[in-house]
Amino acid sequence: MDIHMILEVSASLILTVAVFAGAVWLSQKTKLPIFNPLLVSVAVIMALITLLQVPLSSYETGVGVISAMLGPATAVLAFSIYQQRAILQSHFLPILLGCLAGSITSMLSAYFLCEFLGLGQEVALSTLPKSTTAPIALAVTSELGGTASITMAAVMTTGVMGAIFSPMLAHLFHIKNKVAQGVAIGTCSHAVGTAKALEMGRLEGAMSGVAIAVSGLLTCFIVIAAQTIM
Amino acid sequence: MDANDQYSSPITSAVGLEETTQPGSSQSREETSSFLPSQSDAKKDSDKSDEEDKFMHRLKIKQRWGWFISLCIQIAFLLGVCYVGNTIASYLPLPIPGNICSMALLLTLLLTGIIDAKKIAIASRFLLSYMSVFFIPAGVTILTCLPIIQNHIPQFILVCAITTVTVFLVTAVTVMLVSRVQRIVISKLAKRKSTKSHSFKLRVRED
């Protein structure tokens, strides 16, 4: 390994962790939902990269360690689901139907809103799977023939918005059922929202984790079924 | 619900640690001390002799090292599960991603009792409480698509906001409605069952 690469890796790791720690501190201090730690840290890092004219590829290789942990971090949701298995059993049908309704609404509303606002066919197809977790969304986009980077942007934006809006929405519409809150967060804003749901409570987090898997798989199946029919 | 604190973000969990140790509810105390080596224990022993102080200090370091080493071992195990999950996913005919496969694999391992949930508890709590960090690299890649949607950014954000709100409300309302219907159906079935068994008992008595 040459020194350049070691510098690259350590600089981007330290930058990421430090910015995230600062963002967590900011959100704890201000308690404003708009200062979502993920949103703030992504914005700050993007600004720094553009200002310092660091090539994006060198940052990406630098934070390879963090990206590699995304797999275990998603898989570990199984642990929180396992802890709530009794509630999952008793609420099996509501969770399944809720995810189904949510996925269909998400796909249809995203597609037709994009067409309505004149964003074009390409953007519409790429934003269609945006409520699912990133890997599923990318797979669905490649099935539909959309653009991967637009899908990624839509997925992240939706996730952050879900994390910001969902506690407010639950409060505004008096949704006190914790299972409903968790499933709704997981269906509309996948793993980024689940991080927020885990902050709200153990049960919400576990239900959100279930909803990621169920709604993601349902979206996948619906798209494949629709393609074979048409 | 004090046990919830360990799932919350790093700083709130540190606050929750001090809160939960004071009332001393045994379960949450055990769990938090396995999650992070508790520091308030040392405060209580401040008036005791120096030797004990040194012993506590050594114990604390040992605990912290133990916590760190078991975290590393458990994360290594989880990475192994993910590797197997990714391999399974690549052989499946459907485009199901490796993450979901490894999640399903881990859940089956836990449900069948092949691995104990306690054995991966430390890494699970660690990864769950810092989950947002792992999405930062994915978020930064938005930079590559900014030139494509440059002229449509307000519309793009509007679409995301509207759909997020709609999907949240539709899902939450569906879950609540279906669970209410389910509860009514179950209670009706239970009533019917109880009346049936009641009449059956009456008939038996009449005989």
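These numbers come from a predicted model, not from an experiment.

1. Here's the deal with the overall build of chain A
From N to C terminus, chain A includes 13 helices and zero strands. In chain A, the succession of α and β elements from N to C terminus is α-α-α-α-α-α-α-α-α-α-α-α-α. For 230 residues, the compact-globule estimate of 2.2 N^0.38 gives 17 Å, and chain A sits close to it at 19 Å. The principal-axis extent of the C-alpha atoms belonging to chain A is close to 55 × 40 × 35 Å.

2. Focus on the overall build of chain B
Within chain B, the regular secondary structure consists of nine helices and zero strands. Along chain B, from the amino end to the carboxyl end, the secondary structure elements read α-α-α-α-α-α-α-α-α. Taking all 207 residues of chain B together, the buried fraction comes to 39%. Look at the contacts in chain B between residues 6 or more apart in sequence, and 51% of them connect residues 24 or more apart. Summed over its atoms, the accessible surface of chain B is roughly 12600 Å², and 64% of this surface lies on carbon and sulfur atoms.

3. Remarks on the interface of chain A and chain B
Across the contact, 102 residues belong to chain A and 76 residues belong to chain B. Summed over both sides, the interface of chain A with chain B buries roughly 8100 Å², with 84% coming from carbon and sulfur. Applying the counting rule to chain A against chain B returns zero salt bridges. Along the contact surface separating chain A from chain B lie one residue pair in polar contact (both at pLDDT 80 or more).

4. Looking at the packing of helix α8 (residues 92-116) of chain A against helix α9 (residues 120-127) of chain A
Residues and elements named next belong to chain A. Running from amino to carboxyl end, α8 crosses α9 at an angle of 160°, the nearest separation of the two axes being 8 Å. Of the possible angle classes, the one that applies to α8 and α9 is roughly antiparallel. Considering the relative orientation of α8 and α9, their crossing is right-handed. From α8, Ala 110, Tyr 111, Cys 114 and Glu 115 reach across to α9, where they touch Gly 120, Gln 121, Val 123, Ala 124, Leu 125 and Thr 127. Residue classes in the contact of α8 with α9 are distributed as six nonpolar, three polar and one charged.

5. What about the confidence of the model for chain A?
Here chain A averages 87 in pLDDT, and 100% of its residues register 70 or above. Element-level mean pLDDT values for chain A span from 82 in helix α10 (residues 134-144) of chain A up to 91 in α8(A).

6. So, unusual backbone geometry
Residues and elements named next belong to chain A. We note that Gln 53 has phi near 55°; this positive angle belongs to a residue other than glycine. Examined against the element boundaries, Gln 53 turns out to sit in the loop between α2 (37-52) and α3 (56-62). Look at His 174: it is not a glycine, yet its phi comes out positive at around 55°. Along the polypeptide, His 174 turns up in the loop between α11 (148-172) and α12 (178-200).

What counts, and where the lines are drawn
Residues numbered from 1 in each chain as written. Chains lettered and ligands numbered in written order. Predicted model: local features only at pLDDT ≥ 70, side-chain atom pairs only at ≥ 80, totals over all residues. Heavy atoms only, no water. Helix = DSSP H or I, 4+ residues; strand = E, 2+ residues; numbered from the N terminus. Rg over C-alpha atoms; globule rule 2.2 N^0.38 Å. Buried < 20%, exposed > 50% of the residue type's maximum accessible area, 1.4 Å probe, protein only. Contact = heavy atoms within 4.5 Å. Areas by Shrake-Rupley, 256 points an atom, 1.4 Å probe, with all protein chains shown as cover. Buried area = accessible area lost by both parts, 1.4 Å probe. Salt bridge = Lys/Arg side-chain N within 4 Å of Asp/Glu carboxyl O. Polar contact = N/O pair within 3.5 Å; in protein donor to acceptor, adjacent residues only side chain to side chain. Axes fitted to C-alpha atoms, helices over the stretch in contact; angles between N-to-C directions. Parallel < 35°, antiparallel > 145°, perpendicular 65-115°, else oblique. Left-handed = near helix turned anticlockwise from the far one by under 90°. Nonpolar A, V, L, I, M, F, W, Y, C, P; charged D, E, K, R; others polar. pLDDT = per-residue confidence, 0-100.

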